[in-house]
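So the chains spell out like this:
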Amino acid sequence: QNNTFEDNVAGVAVGSATTDTTVTNNEIQENDIGLEVFGGDDDIENFGFNQNNIVGNGDGILNLDDHVVNATNNWWGAESGPSGEGPGEGDAVTENVEFSPFLNAPVGEEPEDAGSVVFDGEAFDTIQAAVDAAGENGMEDPLVEVAPGTYEESVTIDVEDLTLQGLEDGPI
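The rules behind the values
- Residues numbered from 1 in each chain as written.
- Predicted model: local features only at pLDDT ≥ 70, side-chain atom pairs only at ≥ 80, totals over all residues.
- Heavy atoms only, no water.
- Helix = DSSP H or I, 4+ residues; strand = E, 2+ residues; numbered from the N terminus.
- Rg over C-alpha atoms; globule rule 2.2 N^0.38 Å.
- Buried < 20%, exposed > 50% of the residue type's maximum accessible area, 1.4 Å probe, protein only.
- Contact = heavy atoms within 4.5 Å.
- Areas by Shrake-Rupley, 256 points an atom, 1.4 Å probe, with all protein chains shown as cover.
- Pairing = 2+ DSSP bridges.
- Axes fitted to C-alpha atoms, helices over the stretch in contact; angles between N-to-C directions.
- Core = buried A, V, L, I, M, F, W, Y, C linked by side-chain atoms within 4.5 Å.

Draft legend 1. Region of the structure containing the overall build of the protein. If you tally the helices and strands in the protein, you get one helix and 16 strands. Here the C-alpha atoms of the protein give a radius of gyration of 16 Å, agreeing with the 16 Å that 2.2 N^0.38 yields for 172 residues. When burial is assessed residue by residue, the protein has 44% of its 172 residues classed as buried. In the protein, the share of contacts with a sequence separation of at least 24, taken over all contacts with a separation of at least 6, comes to 54%. Element-wise, carbon and sulfur atoms account for 38% of the exposed surface of the protein, whose accessible area totals about 8,800 Å².

Draft legend 2. Focus on the sheet that holds strand β16 (residues 163-166). With mixed pairing, the four strands of this open sheet are ordered in space as β14-β13-β15-β16. Single-partner strands in this sheet number two, and they are β14 (122-124) and β16. Ignoring strand direction, the axes of neighbouring strands in this sheet form an average angle of 25 degrees. Pairing between strand β13 (residues 117-119) and strand β15 (residues 143-146): three bridges, direction antiparallel.

Draft legend 3. Inspection of the environment of Gly-84 at higher detail. Structurally, Gly-84 is set in strand β10 (residues 82-84). It is 8.6 Å that separates the C-alpha atoms of Gly-84 and Glu-95, two residues lying 11 residues apart in sequence.

Draft legend 4. Just unusual backbone geometry, in detail. Residue Pro-101 is reached from Ser-100 by a cis peptide bond, and omega for that bond is 10 degrees. You can see Pro-101 is positioned in the loop between β12 (97-98) and β13. We note that Asn-2 has phi near 60 degrees; this positive angle belongs to a residue other than glycine. Inspection of the secondary structure puts Asn-2 in the segment before β1 (4-6). A relative accessible area of 61% places Asn-2 in the exposed class.

Draft legend 5. Highlighting the environment of Gly-135. Along the polypeptide, Gly-135 turns up in helix α1 (residues 127-137). Taking the relative accessible area as the measure of exposure, Gly-135 reaches 44% and is therefore partly exposed. Along the sequence, Gly-135 and Asp-158 sit 23 residues apart, while their C-alpha atoms lie 7.5 Å from each other.

Draft legend 6. Fine view of the pairing of strand β5 (residues 33-37). Most of β5 is tucked away: five of the five residues are buried. With four bridges joining them, strand β2 (residues 10-14) and β5 adopt parallel strand pairing. Directly across from Val-14, in β5, lies its bridge partner Val-37.

Draft legend 7. Expanded view of the sheet that holds strand β7 (residues 53-55). With parallel pairing, the three strands of this open sheet are ordered in space as β1-β4-β7. Both outer strands of the open sheet, β1 and β7, are each paired with one neighbouring strand and no more. On average, each strand axis in the sheet is inclined to that of its neighbour by 5 degrees, with strand direction left out of account. Both strand β4 (residues 27-29) and β7 contribute to a ladder of three bridges, which runs parallel. Paired with Ile-28 across the bridge in β7 is Ile-54.

Draft legend 8. Up close: the nonpolar core. Counting 18 residues, the largest nonpolar core has Leu-35, Phe-47, Phe-49, Ile-61, Ala-71 and Trp-76 as its most contacted members. Taken together, the elements giving at least two residues each to this core come down to β2, β5 and β6 (45-50). With 14 residues, the next largest nonpolar core counts Phe-119, Val-144, Ala-147 and Tyr-151 among its residues.

Take a look at the structure:
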């Protein structure tokens with residue numbers, strides 16, 4: 001907690017036998033890889049990578065494992081979130097990385113607008129835009145995920161079986 005990992009091959013590396021560990025409130029910047037995850041699926045338990053600023057790395061998270069990494073609520077260097085398997089232009093994430101919701105401002109700074117809105121892995125600026133995309137997609141039981149924040153908009157939902165879900169405790 002409260003460290004800077006800068007100018008390394010891997011800012012943070014997590015391998016086998018990692019249990020009950022949370023990496024939080026760190027600056028992870030200008031590394032070849034921000035977080036590298038390796039080891040067996042059963043070897044990594046209760047690992048979280050949250051509330052970090054992950055900026056300017058070759059890869060934000062390189063997951064070489066089948067284990068799904070909890071990397072929610074991080075700043076990826078762009079309001080649109082991580083790139084790679086993510087929807088945005090920030091540091092890239094690979095498969096098996098749970099990155100949503102993500103922060104749209106660095107940890108410790110107030111965002112200029114509402115939180116992130118995600119449908120089918122893509123970030124949207126408004127709830128309505130995500131709802132509209134869900135309607136155009138034709139997916140059964142679409143899910144629009146909304147991070148806490150203030151959204152100054154009216155939303156018309158005309159999509160069958162849509163679920164609009166908050167991602168944390170707190171008002172939407």
